[in-house]
Amino acid sequence: MTHVLLSVVACGLVATLTATSIAQPAQPVAGIINGDTILLNTYTTQVAQRARELSATSTTASDIVEQTWQTMVQQLLIRQAAQKRGITASSYADVVDALQQKVTQSVQPDTSRLYNEYLDRYTTANVDVIHLPCVRTTPTVPPDSILRAYYQQKQRQYVSLKPLRRLACLTWALRASPVDTSLMVNNIAAFVRLLNEATTTRSRDSIWTSVAETVPSGTGILHRDSAVQSPFYEAVHAASKSKKTGIAVGPLQHPSGVHVFLVDSARAGRYVVRVIIPDIEPSRETVDSIMQEVRTAQQMFQKGRPLVDLAGTFGSTVELSPYVSAEAKLFESYRLVKEAFATPVGSALDPIDTPERGAVLAVVVDSLAAGQMDFDDVRDRVLADWQRDQACSEMRTDMLRIHAVTTVLDDGRMMIGAPLSGASGAVIERDVLVDASGAIGSMHDPLAAQAVRAATTSGLLGPFRGDNGWYLVNVHYVVRATPEDYRQMRDNVLSTITNEQKKLAWEQFLRDLLDSASIEDRRGRYFRF
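What counts, and where the lines are drawn
The residue count restarts for each chain, going from 1 along the sequence in the order it is written. Reporting of local features is limited, given that this is a predicted model, to residues whose pLDDT is at least 70; pairs of side-chain atoms are given and counted only at 80 or more, and all residues count toward the totals for whole chains, interfaces and linings. With hydrogens and water stripped out, all remaining heavy atoms of the structure feed into the side-chain values. Think of it this way: any DSSP run of H or I at least four residues long counts as a helix, any run of E at least two long counts as a strand, and we number them from the N terminus. Atoms considered for the radius of gyration are the C-alpha atoms alone. The globule rule reads 2.2 Å times the number of residues to the power 0.38. Burial classes: relative accessible area under 20% of the type maximum marks a residue as buried, over 50% as exposed, and values in between as partly exposed (1.4 Å probe, protein chains only). Note on contacts: a residue pair is in contact if any heavy atoms of the two residues lie within 4.5 Å. Under the convention used here, a 1.4 Å probe and the Shrake-Rupley method define accessible areas, while residue burial counts only the protein chains that appear. For the purpose of counting charges, residues Lys and Arg are taken to be positive, whereas Asp and Glu are taken to be negative. His and the chain ends are not included. To locate a charge, the coordinates of NZ of Lys, CZ of Arg, CG of Asp or CD of Glu are taken. Here the expected span of a helix is defined as 1.5 Å times the quantity of residues minus one. The bend reported for a residue corresponds to the angle between axes fitted to the seven residues ending at that residue and the seven starting there. In protein, a polar contact means a hydrogen-donor-capable atom and an acceptor-capable atom, both N or O and within 3.5 Å, with residues adjacent in sequence counting only if both atoms are side-chain atoms; elsewhere, any N or O pair within 3.5 Å suffices. Just to be clear on terms, a salt bridge is a Lys or Arg side-chain nitrogen sitting within 4 Å of an Asp or Glu carboxyl oxygen. A pair of strands is treated as paired once DSSP finds two or more bridges between them. To define axes, lines are fitted to C-alpha atoms, for helices over the stretch in contact only, and angles between the resulting N-to-C directions are given on a 0 to 180 degree scale. In this scheme, roughly parallel covers angles under 35 degrees and roughly antiparallel covers those over 145, while 65 to 115 is roughly perpendicular and the rest are oblique. The sense of a crossing depends on the near helix, which, turned anticlockwise from the far helix by less than a right angle, makes the crossing left-handed and, turned clockwise, makes it right-handed. Residue polarity follows a fixed list, in which Ala, Val, Leu, Ile, Met, Phe, Trp, Tyr, Cys and Pro are nonpolar, Asp, Glu, Lys and Arg are charged, and the others, Gly among them, are polar.

(A) Expanded view of the overall build of the protein. Helix and strand content of the protein: 15 helices and 21 strands. Over its C-alpha atoms the protein spans a radius of gyration of 31 Å, topping by over 25% the 24 Å that the globule rule assigns to 529 residues. Seen through its principal axes, the protein has C-alpha atoms that stretch 80 × 65 × 60 Å. Considering the protein as a whole, with its 529 residues, one finds that 41% of them fall into the buried category. Long-range contacts, defined here as pairs at least 24 residues apart, represent 68% of the contacts in the protein between residues at least 6 apart. Surface exposure of the protein reaches about 27,900 Å², of which carbon and sulfur atoms provide 50%. Once the 53 positive and 56 negative side-chain charges of the protein are each reduced to a mean point, those two points are 3 Å apart.

This is the structure:
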């Protein structure tokens, strides 16, 4: 199915693993950026390359598809901007360097707060610390009157920097039909025959690699004493009696998927194998049938049928999404959210095939501008924050108990006069650095680090609350920059500040390029993302 990443990037013998194929017009296009095209073939090549680079990570297919797109769009916009400014260079890196210099050449450092920023940046402390995280007990749910009062006190916490939208969704699973499964298994069997008919090791490995690079694959050992591997071991053992190595075995159907094995070596009681587990995807005909049902539901909604009625008609359930920004993803789909921001509130999006939930009919039910968020829109967040604050309040007694048995010896060491076993999750670290990054030894808490670096004397500080719980700190010493240090270091600091501000100017330039660009994204015809 062409919507699946592996089917788009596959070539050669990968076609033998695809139940159906779809003829595309000559030079199909993935997108058009300010009139310049990104060809589908060029784009899929880049997707495949990034997929190989990230194969050992947890990056999802939709992330790879979107990251590749964003990179290619930015590169094209940069080349266009450079061309407008008369910049010509032999390599893309040189183009970027030349354009960045031109964009940032007029940036002058803002020195109005340079001295205070310098003092803050170079103020550090050496401390012993006891950290007591806010561990939740069984959370309680207070009445809304209490949550509203809490929201009023903490309004500044509930501000959105970006516009947000929320969707109500119906979903249809896209599952392979029995016919799809049968066709796929037959194609896999044909692939196995090709492997076993190969006359040379090089030819066999080439056939294997052409598929293994585009579907889940790996290596392993099948052992006769493994109960889990028993069905695989028995099948490979039976097939390998006439030829110990180089034989392909499959397709072997299993609850975990259809497997194909290639035997690399055999010893008594075990086989070293390569394995591929191709996904059995629904055919285009199956998908078209399901998507037509979704389009029927969309038409019924547009004619006035409530979404909840449609849920009953089509055996689905209305699911309300969280608020999302335009850059977020929902059901592992970036496309779904992008389309939502291009659709008026109260309207339904065209059906979208998502990686996680299959076909989705989504209705935009709410839109929030950037700025202060209403209580009703953030009630769940307010509840979580209130519960955390309650947990921190409960831990205060434990911290006061720790404080009562903690003292500083004459040599400056911190001594705790009783075990901390009663204080759940308490952490003790000694002789740790506290700096402007928010680091307190192995912990990170900017609010607590700021309080420590502001200390004017050595000795016990606290207990006090930071961003991540309670702290009791034994301050050994605080090192502050002096005016003399500033005069000596000013040139270096000025250079650092200038570079930071040039970086910000360049990032803003790139955002402006993207915001002002005319972008026609046609990937939805080929990719599920």
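(B) Fine view of helix α13 (residues 379-404). Its 26 residues give α13 an end-to-end C-alpha distance of 38 Å, which sits within 8% of 38 Å, the value for a rise of 1.5 Å per residue. Along its length, α13 shows its largest kink, about 30°, at R396. Taken as a whole, α13 has its buried residues at V382, L383, W386, Q387, D389, A391, C392, M395, D398, M399 and I402. Elements in contact with the buried residues of α13: β3 (124-132), α6 (144-153), β14 (406-408), β19 (459-466) and β20 (469-479).

(C) A look at the side chain of T354. With respect to the secondary-structure elements, T354 resides in strand β11 (residues 352-354). A residue is classified by how much of its surface remains accessible, and T354, at 1% relative accessible area, is buried. Within polar-contact distance, the side chain of T354 engages the backbone oxygen of G358 at 2.8 Å. Apart from residues lying up to four places away in sequence, T354 is in contact with F331, S333, L336, V360 and R528.

(D) Representation of the pattern of salt bridges within the structure. Tallying each qualifying case throughout the model produces 19 salt bridges. Across the salt bridge formed by E66 and R523, the nearest N and O atoms sit 3.1 Å from each other. Of the two residues, E66 is situated in helix α3 (residues 61-84) and R523 in the segment after β21 (519-521); the sequence distance between them amounts to 457 residues. For the pair formed by E66 and R523, the shared burial category is buried. Within this structure, E66, K338, D521 and R523 form a network of salt bridges that share partners.

(E) Spatial organisation of the sheet that holds strand β6 (residues 217-223). The strand order across the open sheet built from four strands is β6-β9-β8-β7, with neighbouring strands paired in antiparallel fashion. Only two strands of the sheet have a single partner each, and these edge strands are β6 and β7 (248-254). Neighbour to neighbour, the strand axes of the sheet diverge by 35° on average, direction disregarded. Of the pairings in the sheet, the one linking β6 to strand β9 (residues 270-276) comprises seven bridges and is antiparallel in character.

(F) Structural view of the sheet that holds strand β2 (residues 36-39). On the basis of which strands lie adjacent, the open sheet formed by three strands has the order β2-β1-β21 and antiparallel pairing. Single-partner strands in this sheet number two, and they are β2 and β21. The average angle at which neighbouring strand axes cross in this sheet is 20°, direction not considered. The pairing of strand β1 (residues 29-33) with β2 spans four bridges and is antiparallel. What sits directly across from V29, in β2, is L39. On the sheet, α3 packs against β1, β2 and β21 and is oriented at approximately 40° with respect to β1.

(G) Structural detail: the packing of helix α7 (residues 178-197) against helix α8 (residues 201-212). At a minimum axis distance of 8 Å, the contact between α7 and α8 shows a crossing angle of 155°. Comparing the axis directions of α7 and α8 gives the class roughly antiparallel. Read as a crossing pair, α7 and α8 show a hand that is left-handed. Between α7 and α8, the contacting residues are F191, L194 and L195 on the first element and R204, I207, W208 and V211 on the second. Split by residue class, the contact of α7 with α8 holds six nonpolar, no polar and one charged.

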